[in-house]
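Fold and contact review
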There are 4 protein chains.
Amino acid sequence: MSAIPDFPAHPFDARGDDKPREECGIFGATGVPDAANFVALGLHALQHRGQEAGGIVSFAPGVGFSSVRRFGYVRDNFTSADVMKQLPGQIACGHVRYSTAGSKGAAIRDVQPLFAEFAMGGCAIAHNGNLTNAEALRAELIDRGSIFQSSSDTECIIHLMARSIQRSIPERMKDALRRVEGAFSVIAMTRTKLIGVRDARGVRPLMLGRLTNGGWCLASETCALDIIGAEFVREVQPGEMVICTADGIESSFPFEAKPKKFCVFEYVYFSRPDSVIGGHSVYETRRRIGVELAKENPVEADLVCPVPDSGTPAAIGFSQESGIPYAMGIIRNQYMGRTFIEPTAEIRNMGVRLKLNVNRALIKGKRVILVDDSVVRGTTSQKIKDMILDAGAAEVHFRIASPPTQWPCFYGVDTPDRENLLAAQMTVEQMRQHLGVNSLAFVSLDGMYRACGEKKRAAEPQFCDACFSGDYPVRPTDVIAAGRVKLKQDA
Amino acid sequence: MSAIPDFPAHPFDARGDDKPREECGIFGATGVPDAANFVALGLHALQHRGQEAGGIVSFAPGVGFSSVRRFGYVRDNFTSADVMKQLPGQIACGHVRYSTAGSKGAAIRDVQPLFAEFAMGGCAIAHNGNLTNAEALRAELIDRGSIFQSSSDTECIIHLMARSIQRSIPERMKDALRRVEGAFSVIAMTRTKLIGVRDARGVRPLMLGRLTNGGWCLASETCALDIIGAEFVREVQPGEMVICTADGIESSFPFEAKPKKFCVFEYVYFSRPDSVIGGHSVYETRRRIGVELAKENPVEADLVCPVPDSGTPAAIGFSQESGIPYAMGIIRNQYMGRTFIEPTAEIRNMGVRLKLNVNRALIKGKRVILVDDSVVRGTTSQKIKDMILDAGAAEVHFRIASPPTQWPCFYGVDTPDRENLLAAQMTVEQMRQHLGVNSLAFVSLDGMYRACGEKKRAAEPQFCDACFSGDYPVRPTDVIAAGRVKLKQDA
Amino acid sequence: MSAIPDFPAHPFDARGDDKPREECGIFGATGVPDAANFVALGLHALQHRGQEAGGIVSFAPGVGFSSVRRFGYVRDNFTSADVMKQLPGQIACGHVRYSTAGSKGAAIRDVQPLFAEFAMGGCAIAHNGNLTNAEALRAELIDRGSIFQSSSDTECIIHLMARSIQRSIPERMKDALRRVEGAFSVIAMTRTKLIGVRDARGVRPLMLGRLTNGGWCLASETCALDIIGAEFVREVQPGEMVICTADGIESSFPFEAKPKKFCVFEYVYFSRPDSVIGGHSVYETRRRIGVELAKENPVEADLVCPVPDSGTPAAIGFSQESGIPYAMGIIRNQYMGRTFIEPTAEIRNMGVRLKLNVNRALIKGKRVILVDDSVVRGTTSQKIKDMILDAGAAEVHFRIASPPTQWPCFYGVDTPDRENLLAAQMTVEQMRQHLGVNSLAFVSLDGMYRACGEKKRAAEPQFCDACFSGDYPVRPTDVIAAGRVKLKQDA
Amino acid sequence: MSAIPDFPAHPFDARGDDKPREECGIFGATGVPDAANFVALGLHALQHRGQEAGGIVSFAPGVGFSSVRRFGYVRDNFTSADVMKQLPGQIACGHVRYSTAGSKGAAIRDVQPLFAEFAMGGCAIAHNGNLTNAEALRAELIDRGSIFQSSSDTECIIHLMARSIQRSIPERMKDALRRVEGAFSVIAMTRTKLIGVRDARGVRPLMLGRLTNGGWCLASETCALDIIGAEFVREVQPGEMVICTADGIESSFPFEAKPKKFCVFEYVYFSRPDSVIGGHSVYETRRRIGVELAKENPVEADLVCPVPDSGTPAAIGFSQESGIPYAMGIIRNQYMGRTFIEPTAEIRNMGVRLKLNVNRALIKGKRVILVDDSVVRGTTSQKIKDMILDAGAAEVHFRIASPPTQWPCFYGVDTPDRENLLAAQMTVEQMRQHLGVNSLAFVSLDGMYRACGEKKRAAEPQFCDACFSGDYPVRPTDVIAAGRVKLKQDA
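Residues numbered from 1 in each chain as written. Chains lettered and ligands numbered in written order. Predicted model: local features only at pLDDT ≥ 70, side-chain atom pairs only at ≥ 80, totals over all residues. Heavy atoms only, no water.

1. So, the environment of D:Lys261
Residue and element names in this part refer to chain D.
- Tracing the sequence through the fold places Lys261 in the loop between strand E14 (248-252) and strand E15 (262-263).
- With a relative accessible area of 6%, Lys261 lands in the buried category.
- Once residues within four sequence positions are removed from consideration, Lys261 is found in contact with Arg201, Gly202, Val203, Glu460, Pro461, Gln462, Phe463, Cys464 and Pro473. (Helix = DSSP H or I, 4+ residues; strand = E, 2+ residues; numbered from the N terminus. Buried < 20%, exposed > 50% of the residue type's maximum accessible area, 1.4 Å probe, protein only. Contact = heavy atoms within 4.5 Å.)

2. Looking at the packing of helix H9 (residues 282-296) of chain D against helix H10 (residues 312-322) of chain D
All names here are of chain D.
- Where H9 contacts H10, the axes come no closer than 7 Å and their chain directions differ by 45 degrees. Considered as vectors, H9 and H10 are oriented oblique to each other. In this structure, the crossing between H9 and H10 has a hand that is right-handed. Each of Tyr283, Arg286, Arg287, Gly290, Val291, Leu293, Ala294 and Lys295 in H9 lies in contact with H10, whose residues at this interface are Pro313, Ala314, Ile316, Gly317, Phe318, Gln320, Glu321 and Ser322.
- Its residues placed into classes, the contact of H9 with H10 shows eight nonpolar, four polar and four charged. (Axes fitted to C-alpha atoms, helices over the stretch in contact; angles between N-to-C directions. Parallel < 35°, antiparallel > 145°, perpendicular 65-115°, else oblique. Left-handed = near helix turned anticlockwise from the far one by under 90°. Nonpolar A, V, L, I, M, F, W, Y, C, P; charged D, E, K, R; others polar.)

3. Here's the deal with the pairing of strand E18 (residues 303-306) of chain C
Residues and elements named next belong to chain C.
- On E18, burial covers both faces: Leu303 and Cys305 on one face and Val304 and Pro306 on the other are all buried.
- Relative to strand E21 (residues 367-372), E18 runs parallel, the two being bridged by four bridges. Bridge pairing in E21 links Val304 to Ile369. (Pairing = 2+ DSSP bridges.)

4. Things to note about the sheet that holds strand E7 (residues 121-131) of chain C
Residue and element names in this part refer to chain C.
- Reading across the sheet, the six strands line up as E6-E7-E8-E9-E13-E14 and stay open at both edges, with antiparallel pairing between neighbours. Only two strands of the sheet have a single partner each, and these edge strands are strand E6 (114-118) and strand E14 (248-252). Neighbouring strand axes in the sheet, compared pairwise and without regard to direction, differ in orientation by 20 degrees on average.
- Judged from the five bridges that link them, E6 and E7 form a sheet pairing that is antiparallel. Residue pairing for E7: Leu114 is matched across the bridge by Ile125.

5. As for the domain arrangement of chain A
All names here are of chain A.
- Each assigned domain of chain A is listed with its residue range as follows: domain 1 (24-263) and domain 2 (284-459).
- Look at where the C-alpha atoms of domain 1 and domain 2 centre, and you get two points 34 Å apart.
- Summing both sides of the interface, domain 1 and domain 2 together bury roughly 460 Å²; the carbon and sulfur share of this comes to 58%.
- Counting the contacts that link domain 1 with domain 2 gives zero salt bridges.
- At the junction of domain 1 and domain 2, the tally comes to two residue pairs in polar contact (both at pLDDT 80 or more).
- In terms of residue class, the side of domain 1 that touches domain 2 is made up of three nonpolar, three polar and one charged. (Domains from an automatic or database assignment. Buried area = accessible area lost by both parts, 1.4 Å probe. Salt bridge = Lys/Arg side-chain N within 4 Å of Asp/Glu carboxyl O. Polar contact = N/O pair within 3.5 Å; in protein donor to acceptor, adjacent residues only side chain to side chain.)

6. Brief notes about the side chain of D:Gln51
Residue and element names in this part refer to chain D.
- Locating Gln51 in the fold gives a position in the loop between helix H1 (35-45) and strand E3 (53-60).
- Within polar-contact distance, the side chain of Gln51 engages the backbone oxygen of Gln47 at 2.7 Å.
- In terms of polar contacts, Gln51 uses its side chain to reach the backbone carbonyl oxygen of His48, at 2.9 Å.

7. Observations concerning the arrangement of the chains
- At the C-alpha level, the nearest point of chain B lies 13 Å from chain C, with no contact between them.
- Chain A makes no contact with chain D; the smallest distance between any of their C-alpha atoms is 14 Å.

8. Examining the pattern of salt bridges
Residue and element names in this part refer to chain A.
- In total, this model carries 103 salt bridges over all chains according to the counting rule given.
- We note a salt bridge from Arg49 to Glu266, for which the minimum N-O separation is 2.8 Å. Of the two residues, Arg49 sits in the loop between helix H1 (35-45) and strand E3 (53-60) while Glu266 sits in helix H8 (residues 264-270), which places them 217 residues apart along the sequence.
- We classify Arg49 as buried; its relative accessible area is 0%.
- Between Arg432 and Glu429 there is a salt bridge, with the nearest N and O atoms lying 3.0 Å from each other. Placement of both Arg432 and Glu429 in helix H15 (residues 428-435) is noted, with a separation of three residues, approximately one turn of the helix.
- Note on Arg432: relative accessible area 23%, which makes it partly exposed.
- Given the relative accessible area of 40%, Glu429 is considered partly exposed.

Right, dumping it as structure tokens:
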């Protein structure tokens, strides 16, 4: 099997595996010639949501369904005329992923969209999120004669659809999705219909857009609408199914209503700063977190420096609120990629230097505030602090634009287990000593909610903030069954 | 021939071919096991100076000289154990390039370092700069029986060395370099010597560093010393040859002295912001240009936004001087690469959107100052302005952190001919109208010199600023012979 | 999708697509370390049965099932240590194929062995033959909720097994195979069992061998036992299932008994000459066909030349019986491969010359008997005749070592439809005129049966000879349903 | 560096490295559109003369010279439209090689044709043979300032030409070739001239052909004329230079006359059996060697079997002379390629079985005469004997269709040193015992000369037979200087 490159985790993160990883970005378009080109562009704009692999399925009359799935970047796989002409038609959907739940080794058969031929025709499905009862469903389906081809939880949806006795694909889809638990935003397509669905809590985003020629598109984020010049129509609502056809949009709400629980980490880290979610600019929300952070945790210093690039908006906000000058104290190497050979002790452990370099002339003798978006394992924070001190900084103050990350996510984000989450193992003061910095402070839960436009965190919280609070809105059945986690409420 | 990817021109530039392109970065190391690993790391840090191709030559007793030259990024070509074990030894040098003068189609034989076997042993040469009399030398050498294998001007140096009657490689190198004209920083290596040379005017940079184990290295910029933890010793002086061996450093000045003419565009655009040149931080110089720009050309506005990423330091300076808030009004897609397919009129001309997206929620209704490092062809400036206006900006004011670029460079930078340089064809007011912005202003020559630490531009200018002034310190013999340019002084 | 090379059809055939193509070779081994290596070697020896693609599945405790499937030759895909270490374990099976029934474009998901996870564990299946009711079964299975992942008829067996209520994989396999019609030799494997099955008529071959260490193997032909030094134990009987485990061999006969119908074309063309089938040397059988041919159709001539390489044994027999000297009148280029570019009229139609060249000095002025194994479309026979005449032969006499091929095969061999079978469209005399040769003769059905060790063709024929006689032992349900053929008995 | 496949040495040899290896095949064409296509086809027909690499150079007005050089087979490298359109023009020449003298590791820069730009224009050179004074020339040229880019002896010719003061390329070529010693057939091309030259002794072949459109071609063997339908005009004479242009053929004899010394091993092994050399069919010559062998060394036996494929013609002759039936006792696997993994002792040493298999049913209990073309190291002969005895042969008699190979070749063939030549270390009886066969006999020198059409070997031998006799027609200066050989006459 050809090697799978060691991708940087996130375009706005220079720290490789010391970050949560979003699992997926999804995009679909219909009613436009060469729809797959629009999907490729949309997925390129969503590449930060998944860098490991991508796939596109299209349908054209006379040709049928076509599928290309590849490891690697959209720009490398879906840009040549040779590839794109394999994906003809006016309807297409696609997927970029980091990795699907349950996958140990990457295999092309796990790359979405998944496709199945039902008695009434073919259907492709691309899924962002995670099904918390997938293992249980899989065991039951195999027992009844279904053959699984992938390790993807998404395949459960397909087999549930195959066994539904409904006559149409949208109806089979409702049947299937009523059986699954967890968080999902799904884009599906048949020969004529582009379908978008969000779970009842609306944990993952899904946006509806209109192409300049009148066709429709669905995307994880608004930045993917911008790239193709599509108009942002509205968000698909929690619990809603929209069906886009030549005749327009059809909406239904097939699931039992639940309190809304949009993932607050989408604001804090995952989404692109130029996206708009829930009516708020992601960039502006992050800048406001920086403002809150400066209010809650002021400190005297000479410079405010972001950890590039994900800490940048909050650092700008911190600088504006505090009046301390903003500066690029750390420069990111834009050509980073696979890990370099490090055969001698002398050049070992230089990993982070391949990606980041301190602006030595600037930092020397200065008291520096470093603004970062989050602390997960803490491994990179330490290396960055070392670099800053090596360069001669007088003091280092860490300011973190999210609350302490104490709990793993089970709704479509790849986070470490609790024992590897620094904030699950230490108090803030212990963390400060561990990191070896002059001060360390996190924004409060309420501060974060304020930056997100809420007055404060409500009793029934307005977002899913389980990674910070441990309050899981959906019980993660499979992982509890596997003994992989003990919930706060079960303690 | 396998396709050569369409590389982004510069890590701090999101505009493809609408920028001058540096032709080379060079790096050498000696006195350290697995020297080629250090060279690979150094070249990775210099990747912004040349993205098309790279090469490394090493020497190990018993093995001899080894060479690997490849199209593409350092991170993709010089990271696998398979490749690096082909480059054994304690001395190595390497090169990244955009393209060498004279090359029409890229060929691997043009990728440096070039290597030749002389009677007294082998020698590899990596060259940053451009020889202005290469064509004349080549014709003469062919006439006398030399066989050229590449279209690289660097090969002239090799053939001149082969024909020298001196007994040692450094002496032959002096012989050869006394015959060439133009700008050059050269790293050469024999079995035991790592040699660095700069032309008498010192147009291109060359830095001397010391490895933590006591070995030596040479690099185009200090950022390449940082990545391997090497200590910055000093710059190689204009006109100096340094020879690094196990016994230490030997220095000589084999050329006739000339006024120093370091390339001011290295400050403005080419060098990495975290590099230090002539005792000045590149980042800080750019920030000060922003300060000068704000002083010289103030304007009322709501936001100061950089054109990412090369305009960022000047934008920070402009914001600090003017008091107008700094904001990320344009977000760069970090996964940009090859051009996408654009088969339909609907998605044509969206090139720039693949790389940049406007932060619409931020920009809407605002008066925006856009700070960019330079205007070359002006094609991208126009597209960016369109994007900003489409997003609903009330006003757009361009501020450029360099004087108008009016003349091509003949000293190792790939610039368009005069007819394609917007500032060579129009006044500033004509450019403003052409770009369709509310105002347009460039920093003055003196303002730029002040930011570079000079009081003002002297009668004998302290830098080579030919691209702005047309004052060429070395007559470009070949291009004048070819009728490709008419100099100001010849007008 | 990367290009699939234009493979030569058969190692003993130099004529590309003017030959029937065997669809598969299968091999399995158990009870030996690194079983996949034995499988790779066995498949290499069976490469003549399928050149388009190959796959191997292995099982190792702690690792589970591993699968590698690739387009191209075994020698190119299954020889590197990197690949083979992905296939650990003491049990493995594999497959080479030309193409599976129903496949229009080649896709890796159609490459066998196919694999499925059942409730009681995994199972891999490799299949040689063709199911004549696969389309009907597929429609029924989809209707009941099965999701097909390939266009292979073999997948029907897998889904039938998944839906069986039997508790063990061998019992589920019996359930499934009782539902299918047609010709099949199957090798399957579970974690501990290597299973071989032949259909009740025994159309396709399957051999049982014993490894030198006491382990067991199954193979399409004995030549694949020779390559690994395995002892030929016996043929798996028509209608038999053998299960090889650490404890030995277990045999059962789960299907209703049928008259034996081994494919006579295996003797005539498909099998390797060094294989032994039914106690007869394939080489010797072919030589004896040459003897029969010389007896039935003598002619005066100077030389007997084979059409290389498949005509060689019969040409030797013809020479021995007739006393006319045997000679290599046509030389085969051993480096043939993909079709060459033929951009000008001058070098067009030279296809066959890339593969074959006439030994001009030998042929000139001679009366030549050309012995070939069969005539299918007749296109290459004509080109060969042209080459021989161009070289100055005085006379050309074709002698064909099989009866006229008049009917397509539906049991696992890719033959043209009737309208493209020369012998289905013309009498022998018409064919002689069409080919433009001095004489043309085929061996008789009885002559072929005599060479195969029978006295004559019996009323209930001892072999399947449907391609010559039109007497199909199994009704080809799917193709009749699709109107693709009209049988002799239905006429 | 990408891996270089382990090529089979010779299409008519199944024994890998236990054979001498021809170093080159050359082909040129002019006066025909898309000349490079003809060159590709010609080189494909000459692939047996060199499998490691190949190259083609063409010239087209307005485009200039184009060159593509690649490792691997012609069929894999020079068949796609993409590659061939890189080689436009009406004149082209090419080269296939095993390896050039002096090359330790293969490098693309050693692949011919070599190309140089002289003052009067470009010139490409493809060379078959070996220069015996190349090392001495190289040292002298480097001393005078020439820079060598390859390890090929051919490059000496180029540098000698570059330094010639003659005004035309053909005259410079004469100058250069008068300075070299050894064996050479050279094809060169300029913008308008296709040039063929043979050394004065005519050791290596070179054929002149006429294309159907009136253009001209040059080729190592006539089989390369056949493939493109070219008429065989005549051999280029020893010591002759022919210049093919639009105006016809110009002939000259620029070298001092020498006794003719065509390589007799071309008849015995190198050339393709369908080629004609010196008016003799190579196939027929080999068959007659078999006849001589049967006369000189008769033996009672049941079967005459060739070692495929190079022993086939002599085996046919032996059978015809002796009356013992000819049979295919050994079958060759046509898909052999790289060496397989052999990780366990059980399957180790099975190398030869990957390529050859004994026809067990045929051999069992029989007295077998095995006819082979030559014995070099003897390693494979032993393995073949083992296979035959394992299969149950009663007796094995080796008959070799050449005299004992006792001396290395220095004229363009890669043979082992004397210590690795079995016949240089043992008497025939010792060899018989070493090989473990019932009898062993070689054809005599005179017998071989008779088969080649001579009455007997003359005092001044009619061929170069140094590999058998140790009588070297040209003193191998370089290897004597290096102490690599001690000649018979110097003993």
